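# Structural description and commentary
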Amino acid sequence: SVVHHHHRTNQIPPRQGHRRTSVETPRICSRHASIGGTTYYQTKRKKEMSNQSNDDDDASNAIYINLTVPPNVEPGVDSLTFEYNGNEMEILIPEDSVAGDVLRIQVGNSSSHRRDAATKSSSLMDELNGLEDDDVNDTKLVQNNVREGVATVTLGEGLKSTVTLQLLEELPKNDSSSTVFDREGDGTANCPWPSGIVLAQSLTSKMGIEYLTKMLKHSEGDESIDCMELGSGLGTCGIALAHALASIETPSITSYQIVLTDRGDETIALLRENIDRNCTFGSANKKLSVTPHPLTWGNELLTDCSAPKKFNCIIGSDLLYNSRESYEPLLNTIQQHLHPDGTVILSVRWRKPELEREFFRKAEKLGIIFVNWKEFEECESFKGRCPARLNWSEYGNPESECSNEYFLKTNVSVGNVTKSLAAITEDDMECMNDEEYASFEEKQIQIYVAGYSAKKKGRKRDFDRIN
């Protein structure tokens, strides 16, 4: 299983027993990770150059520090961080390093005209993104006070242009230092999770755009389309949905309102920051509103209306990880706010299938029927990443032949050794590199869609008409 009750991390959610090494200064950072286009840290490492002919002026003005490679690290994977002039910086340990090696790092240039000029000897303090591998002789860094606590998520190919979200994982110091926030929540809101990344990328894929377009056509007659994300965290999926809707031409729809919800004042403030940084849609801005709102499951979303607001689409990812005690409040919130003809899109990373199936059983008793998102499962972009084709009653059910076959025949890599999903142990998870672990995660992710059953729809319409 994967630890899901955790406080902020700077990479993919930690694995149980994941090795973390620390020293006084510098300390070892968690590994760099990439999940389906998501890069959690960006560090440049210079290739060794045969030409050592830097001019003497460059060398005399350069400022260097020395870092010693500590024991028990993995070169090419682990990183060192340190502070310089109040800025936290990070350097990937070169692959050919051994414990005790001294890394000579150029952090600046003492000449003011060097700082002002964008030349090949400029330090990272001057050029955060402009350094190329062949520009300098010494290892250069990317300044981490800009990227510290920032997750980048590249959205799907269905958008009109490439969009990469820059998601803050914590509030800027100048904001959080002056305000005392209610820290309600379990700490899981401060990083993007694999199931959320998959949902964000699927909604913005060509397949996702086509699916949303069809959904909008079924809402013809509605001048306004209202959408809500539950358990938004950093806002990954809700912001992705906003980008998807902004890309669809819908002359008959005059406005979209997308509400991102979660618990705790600090989480809502962080959501607001991420919305402001990532929700620029050009001409679509006039039609599209993206706002954060506090919401505890089981309660109604507070609006100016006396009746609960109804949403055409409700989305969520990794909402079932906690315990069965949260299922009824979650379903109550969905029931209170789902439009009679509305759609729920839920991305699930299975952890305790027997427990999590109870959520779907309870939903059916309320007339909310979850089925596999067929368009997602048939999409070439996701077939390999998320190959499970099991309905919710089958996944992880030892009595299901389909489920047993999936776990026995679906393979993952562990240190370049292939093993079946059924054979993976916690020790195997510890031995996985980040790409292997990302693949392991995605093979346990499914996306389901839901709406009210035909019988329930009629009752809902009658209830709404009466009230």
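As shown above, the structure is provided for reference.
Cut-offs applied
- Residues numbered from 1 in each chain as written.
- Predicted model: local features only at pLDDT ≥ 70, side-chain atom pairs only at ≥ 80, totals over all residues.
- Heavy atoms only, no water.
- Phe/Tyr/Trp six-rings, centres within 6.5 Å; stacked < 30°, edge-to-face > 60°.
- Helix = DSSP H or I, 4+ residues; strand = E, 2+ residues; numbered from the N terminus.
- Buried < 20%, exposed > 50% of the residue type's maximum accessible area, 1.4 Å probe, protein only.
- Lys NZ or Arg CZ within 6 Å of the ring centre and 35° of its normal.
- Salt bridge = Lys/Arg side-chain N within 4 Å of Asp/Glu carboxyl O.
- Pairing = 2+ DSSP bridges.
- Axes fitted to C-alpha atoms, helices over the stretch in contact; angles between N-to-C directions.
- Contact = heavy atoms within 4.5 Å.

Applying the stated criterion across every chain, the model contains 16 aromatic pairs. Here Tyr 327 and Phe 359 contribute two aromatic rings whose centre-to-centre distance is 5.8 Å and whose plane-to-plane angle is 75°, an arrangement assigned as edge-to-face. Highlighted residues: Tyr 327 in helix α9 (residues 327–337) and Phe 359 in helix α10 (residues 353–365), separated in sequence by 32 residues. The exposure classification of Tyr 327 matches that of Phe 359, with both residues buried. Among the aromatic residues, ring-to-ring pairing joins Tyr 327, Trp 350, Phe 359, Phe 360, Phe 370, Trp 392, Tyr 395, Tyr 406, Phe 407 and Tyr 448 into one connected group. Its end group placed over the ring of Phe 311, Lys 309 keeps NZ or CZ at 5.9 Å from the ring centre.

Let us look at the pattern of salt bridges. Applying the stated criterion across every chain yields a total of 14 salt bridges. Measuring nitrogen to oxygen at the nearest pair gives 2.7 Å for the salt bridge that ties Arg 349 to Glu 441. Linking Arg 349 in strand β15 (residues 338–349) with Glu 441 in helix α15 (residues 434–442), this pair joins segments that are 92 residues apart in sequence. Assigned by exposure class, Arg 349 and Glu 441 land together as buried. Here Arg 385 makes a salt bridge to Glu 442, at a shortest N to O gap of 2.9 Å. Residue Arg 385 is located in the loop between α12 (380–383) and α13 (401–409), and its partner Glu 442 is located in helix α15; the two are separated by 57 residues in the primary sequence.

Three- or four-residue spacings in an α-helix give side chains the same orientation, since the helix completes a turn every 3.6 residues. Judged by how many residues are buried, helix α5 (residues 194–203) sits mostly within the fold: 10 of 10 residues are covered. Residues Pro 194, Ser 195, Gly 196, Ile 197, Val 198, Leu 199, Ala 200, Gln 201, Ser 202 and Leu 203 constitute the buried set of α5.

Moving on: the sheet that holds strand β13 (residues 288–294). On the basis of which strands lie adjacent, the open sheet formed by 7 strands has the order β13-β12-β11-β14-β15-β19-β16 and mixed pairing. Where the open sheet ends on each side, the last strands, each with one partner, are β13 and β16 (368–372). Averaged over all pairs of adjacent strands, the angle between their axes in this sheet comes to 20°, without regard to strand direction. Where strand β12 (residues 255–262) lies against β13, 7 bridges are found, and the strand directions are parallel. Counted as the bridge partner of Thr 261 is His 293 from β13. Packing of helix α7 (residues 236–246) onto the sheet brings it into contact with β11 (224–230), β12, β13 and β14 (311–317), and relative to β12 it is tilted by some 170°. Against the sheet, α9 touches β11, β14, β15, β16 and β19 (445–452), its axis set at about 145° to β15.

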